[in-house]
Amino acid sequence: MSSAQLTSNFYSSSCPNVLSVIKTAVDSAISTESRMGASLLRLHFHDCFVNGCDASVLLDDTSSFTGEKTANPNSGSLRGFDVIDTIKTQVESSCAGVVSCADILAVAARDSVVKLGGPSWTVLLGRRDSTTASLSTANSDIPAPTLNLSSLISSFSNKGFNSREMVALSGSHTIGQARCTTFRNRLYNEANINTSFATSVKSNCPQSGGDNNISPLDTTSPTTFDIAYYKNLRIQRGLLHSDQQLFNGGSTDSIVTTYSTNSATFFTDFANAMVKMGNLSPLTDTNGQIRKNCRKTN
């Protein structure tokens with residue numbers, strides 16, 4: 001279905017306070033744990049890149065249903081489900097059966113970025129929730145931290161994004177943490193990494209063991225949504241292989257340079273790319289459903 005059916009005022013009469021309910025809950029969750037902002041932003045991304053923004057990522061596995069939570073990019077790292085549950089419960093008590101889990105994810109992602117100092121944007125609404133999920137698509141379509149630049153460009157191009165939008169969306173890594181298992185190989189085997197940076201991160205990521213030890217993707221300001229991520233890439237302080245690929249003598253170096261010196265340009269491009277991502281293949285009209293519980297179909 002076309003994204004034109006999403007509108008900013010979708011709930012203006014059916015659930016007029018929904019945006020304030022979500023914002024209050026997101027602000028509270030981030031005040032409790034600042035890392036949660038990145039976790040909620042990532043949930044929306046991992047939802048949208050797998051058959052569109054349909055809340056498929058939230059469905060739990062059951063004896064008769066296989067969801068996406070055990071996919072490689074999600075297992076042991078995707079988090080924030082409990083925050084989404086809390087928001088859903090609060091929204092249901094205001095307007096039962098009206099607001100989709102997919103829309104809650106989209107709004108929570110925006111509110112998280114704003115809470116941590118980033119740009120705002122108007123979230124278009126009216127997505128509905130899937131009754132299906134795809135483990136295989138989650139494994140194939142969510143870009144891995146091991147990808148080279150050409151594969152990153154392809155992965156995003158497959159979803160309709162150009163290189164500049166890919167670099168802008170990668171700026172999400174100005175917040176959040178990654179597990180040792182996702183960057184160990186870069187730390188110990190890659191040459192395009194700042195030596196002192198590598199040494200400091202190695203202390204929390206040994207060559208064997210400590211797979212789930214976490215380090216900030218942006219070591220400068222890990223809980224502030226800013227341009228430090230890009231500044232770090234320019235001095236070979238990207239944590240993930242995929243991060244440093246954006247500034248490694250290739251076609252995206254100039255975009256990284258632009259963002260590293262112009263916060264306003266980055267914020268504008270990021271906000272626009274997030275709106276575009278939120279428009280990926282939504283279920284609308286009578287397609288899908290409005291889940292009562294985000295973890296299971298009705």
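On a predicted model such as this, the values are computed, not experimentally measured, just so you know. Sequence order sets the numbering: in each chain, residues are counted from 1 along the sequence as written. pLDDT decides what is reported in this predicted model: residues at 70 or higher carry local features, side-chain atom pairs at 80 or more are listed and counted, and totals for whole chains, interfaces and linings draw on all residues regardless. No hydrogens and no water enter the side-chain calculation; it runs on all heavy atoms of the structure.

Undergrad: Hey, could you run me through unusual backbone geometry in this one?
TA: The bulk of non-glycine residues show a negative phi, and the bulk of peptide bonds are trans. At Q236, a position not held by glycine, the phi torsion is positive, near 60 degrees. Every helix listed is a DSSP run of H or I at least four residues long, and every strand listed is a run of E at least two residues long, numbered separately from the N terminus. Within the secondary structure, Q236 is located in the loop between α10 (228–234) and α11 (241–245). To sort residues, take the accessible area from a 1.4 Å probe on protein chains only and compare it with the maximum for the residue type: under 20% means buried, over 50% means exposed, and anything in between is partly exposed. Exposure remark for Q236: the relative accessible area of 32% places this residue in the partly exposed category. The phi dihedral of S281 is positive, around 40 degrees, even though this residue is not glycine. By the secondary structure assignment, S281 is in the segment after α13 (263–278).

Undergrad: What is the right way to look at the packing of helix α8 (residues 180–189) against helix α9 (residues 195–202) in this model?
TA: Describing two packed helices takes the angle between their axes plus the distance from one axis to the other. It is at 10 Å that the axes of α8 and α9 come closest, and there the two elements cross at 130 degrees. In this view, α8 runs oblique relative to α9, as classed from their interaxial angle. Along this stretch, α8 crosses α9, giving a crossing that reads as left-handed. Of the residues in α9, those in contact with F183, L187 and Y188 of α8 are A198, V201 and K202. To get an axis, a line is fitted to the C-alpha atoms, and for a helix only the part in contact is used. The angle between two axes follows their N-to-C directions and goes from 0 to 180 degrees. For classification purposes, an angle smaller than 35 degrees is called roughly parallel, one larger than 145 roughly antiparallel, one from 65 to 115 roughly perpendicular, and anything else oblique. Left-handed describes a crossing whose near helix is turned anticlockwise from the far helix through less than a right angle; right-handed describes the clockwise counterpart. Contacts are residue-level and defined by heavy atoms, with any inter-residue pair within 4.5 Å sufficient.

Undergrad: I tried to follow the environment of N74 on my own but got confused; where do I start?
TA: Within the element layout of this structure, N74 appears in the loop between α2 (36–48) and α3 (81–94). You can call N74 buried: its relative accessible area is 2%. A sequence separation of 219 residues divides N74 from N293, and the C-alpha atoms of the two residues are 20 Å apart. Residues contacting N74, with those up to four places away along its chain left out, are H46, V57, E68, K69, A138 and I142. Within the local environment of N74, its side chain forms a polar contact with the backbone oxygen of E68, the two atoms lying 2.9 Å apart. Here a polar contact is taken to be a pair of N or O atoms separated by no more than 3.5 Å, where protein atoms must pair a possible hydrogen donor with a possible acceptor and residues adjacent in sequence count only if both atoms sit in side chains.

Undergrad: What am I meant to see in α13 here?
TA: By this rule, a helix spans an expected 1.5 Å times one less than how many residues it contains. Between its first and last C-alpha, α13 extends 22 Å over 16 residues, near the 22 Å set by a 1.5 Å rise per residue. All of the buried residues along α13 are F266, F267, D269, F270, A271, A273, M274, M277 and G278. In this structure, the buried residues of α13 make contact with α2, α4 (101–115), α7 (163–170), α10 and α12 (253–261). Its side-chain oxygen 3.2 Å from the backbone nitrogen of A264, N262 forms the N-cap of α13.

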